[in-house]
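Per-entry structural report
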Amino acid sequence: NAVWPLREVKFFSPNAFLDLNLYLAKPPNYEGLEPPATTRVNVRFGDEIRLVGYDVEAPLVPGSALPLTLYWQVERKPEVRYKYILQLVETQADGAPRVISQMEQEPYNGAIPTIWWDPGKTIVEYTNLPPFTQPHAAGRYQLTVQLYYADSLEKLTVQEHEQWPVAEDGHMVFLPFMWPE
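Because the structure is predicted, anything quoted here is derived from the model rather than measured.

**With respect to the overall build of the protein**
Across its full length, the protein holds zero helices and twelve strands. Order of helices (α) and strands (β) in the protein, N terminus to C terminus: β-β-β-β-β-β-β-β-β-β-β-β. Counting only residues that meet the buried cut, the protein has 44% of its 181 residues in that class. The contacts in the protein between residues at least 6 apart in sequence include a share of 61% that link residues at least 24 apart. When the accessible area of the protein is evaluated, it comes to approximately 10200 Å², of which 53% is carbon and sulfur surface.

Structure below.
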């Protein structure tokens with residue numbers, strides 16, 4: 001039986017080291033196309049990959065990573081590997097976004113690459129944004145997502161995005177964000 005690595009976390013203190021490896025016992029996908037996402041979106045990058053939803057969880061302790069679950073779908077089986085950039089941004093008074101936290105990776109850190117994804121399934125990715133100091137809750141926040149080819153680093157254009165705004169260059173979509181309780 002196969003297992004899928006989910007996350008490796010290293011803890012350090014002056015007295016001890018602890019490496020924690022988390023695994024999934026079954027593939028992280030849903031048969032069919034209706035994910036149980038709290039926030040549903042429909043954003044297509046290029047010709048084949050969609051972000052169809054996401055969930056934001058409260059950090060385990062204040063100042064720790066912000067858990068996210070991303071729900072992906074593909075129009076056809078990808079022939080190349082993709083990576084993405086995910087950011088939490090705050091909109092400043094002048095309208096400019098200020099990055100609060102950012103991560104850049106291949107889905108599941110390459111353990112379950114996009115070339116293994118199949119059409120007709122929703123791929124569920126458990127991830128997190130790195131720790132940050134939580135800003136004032138009164139601000140306006142958004143998640144931004146960009147997708148790019150892992151080999152060439154060329155960014156994909158956002159082809160469909162419902163009502164969500166897209167950056168001028170067409171490569172980044174701005175999605176709603178609500179602080180988890």
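What follows continues from the structure just given.
**What to know about the sheet that holds strand E7 (residues 82–91)**
Strands sit in the order E8-E7-E10-E12 across an open sheet of four strands; the sheet is antiparallel. Unpaired on one side and paired on the other, strand E8 (97–105) and strand E12 (173–176) mark the two borders of the sheet. The mean angle between the axes of side-by-side strands here comes to 25°, regardless of whether they run parallel or antiparallel. The pairing of strand E10 (residues 140–149) with E12 spans four bridges and is classified as antiparallel. Paired with Leu143 across the bridge in E12 is Leu175.

**Digging into the pattern of salt bridges**
A side chain with one charge may pair with a side chain of the opposite charge, provided their charged atoms come close. With the rule as written, the count across this model stands at nine salt bridges. The salt bridge involving Glu106 is made with Arg81; its shortest N-O contact spans 2.5 Å. Residue Glu106 is found in the loop between E8 and strand E9 (121–129), and its partner Arg81 is found in the loop between strand E6 (66–74) and E7; the two are separated by 25 residues along the sequence. Assessed through its relative accessible area of 10%, Glu106 is described here as buried. Relative accessible area serves as the criterion here: at 30%, Arg81 is assigned to the partly exposed category. Lys121 is paired through a salt bridge with Asp118; the nearest N and O atoms lie 3.9 Å apart. Residue classification places Lys121 among the partly exposed residues on the basis of a relative accessible area of 21%. When salt bridges that share partners are traced, they join Arg44, Asp47, Arg50, Glu75 and Glu160 into one network.

**Let's talk about the nonpolar core**
With 35 residues, the main nonpolar core has Phe45, Trp72, Leu88 and Leu175 as its most contacted residues. Elements supplying a minimum of two residues to this core: strand E4 (39–45), strand E5 (49–56), E6, E7, E8, E9, E10 and E12. Ranked by residue count, the leading element in this core is E6, at five residues. Trp72 has contacts with Ile49, Arg50, Leu51, Val52, Tyr84, Trp117, Lys121, Thr122, Ile123, Glu125, Val145 and Leu147, leaving out every residue within four places of it along the chain.

**Describing the environment of Met172**
Among the structural elements, Met172 can be located in the loop between strand E11 (158–160) and E12. Once the C-alpha coordinates of Met172 and Val145 are considered, the two residues, 27 residues apart in sequence, prove to be 5.6 Å apart. When sequence neighbours within four positions are dropped, the list of residues in contact with Met172 reads Gln87, Thr144, Val145, Gln146, Val158, Pro165, Val166 and Ala167.

**Quick look at the side chain of Gln87**
As for its placement among the helices and strands, Gln87 is situated in strand E7. Classification of Gln87 as buried rests on a relative accessible area of 9%. There is a polar contact of 2.5 Å between the side chain of Gln87 and the side chain of Gln102. The contacts of Gln87, once residues within four sequence positions are left out, are Val99, Ser101, Gln102, Gln142, Leu143, Thr144 and Met172.

**With respect to the side chain of Gln105**
Inspection of the secondary structure assignment puts Gln105 in strand E8. You can call Gln105 buried: its relative accessible area is 13%. A polar atom in the side chain of Gln105 sits 2.9 Å from the side chain of Glu125. Residues in contact with Gln105, not counting those within four places in the same chain, are Lys83, Tyr84, Glu125 and Thr127.

Rules used in this analysis
- Residues numbered from 1 in each chain as written.
- Predicted model: local features only at pLDDT ≥ 70, side-chain atom pairs only at ≥ 80, totals over all residues.
- Heavy atoms only, no water.
- Helix = DSSP H or I, 4+ residues; strand = E, 2+ residues; numbered from the N terminus.
- Buried < 20%, exposed > 50% of the residue type's maximum accessible area, 1.4 Å probe, protein only.
- Contact = heavy atoms within 4.5 Å.
- Areas by Shrake-Rupley, 256 points an atom, 1.4 Å probe, with all protein chains shown as cover.
- Pairing = 2+ DSSP bridges.
- Axes fitted to C-alpha atoms, helices over the stretch in contact; angles between N-to-C directions.
- Salt bridge = Lys/Arg side-chain N within 4 Å of Asp/Glu carboxyl O.
- Core = buried A, V, L, I, M, F, W, Y, C linked by side-chain atoms within 4.5 Å.
- Polar contact = N/O pair within 3.5 Å; in protein donor to acceptor, adjacent residues only side chain to side chain.

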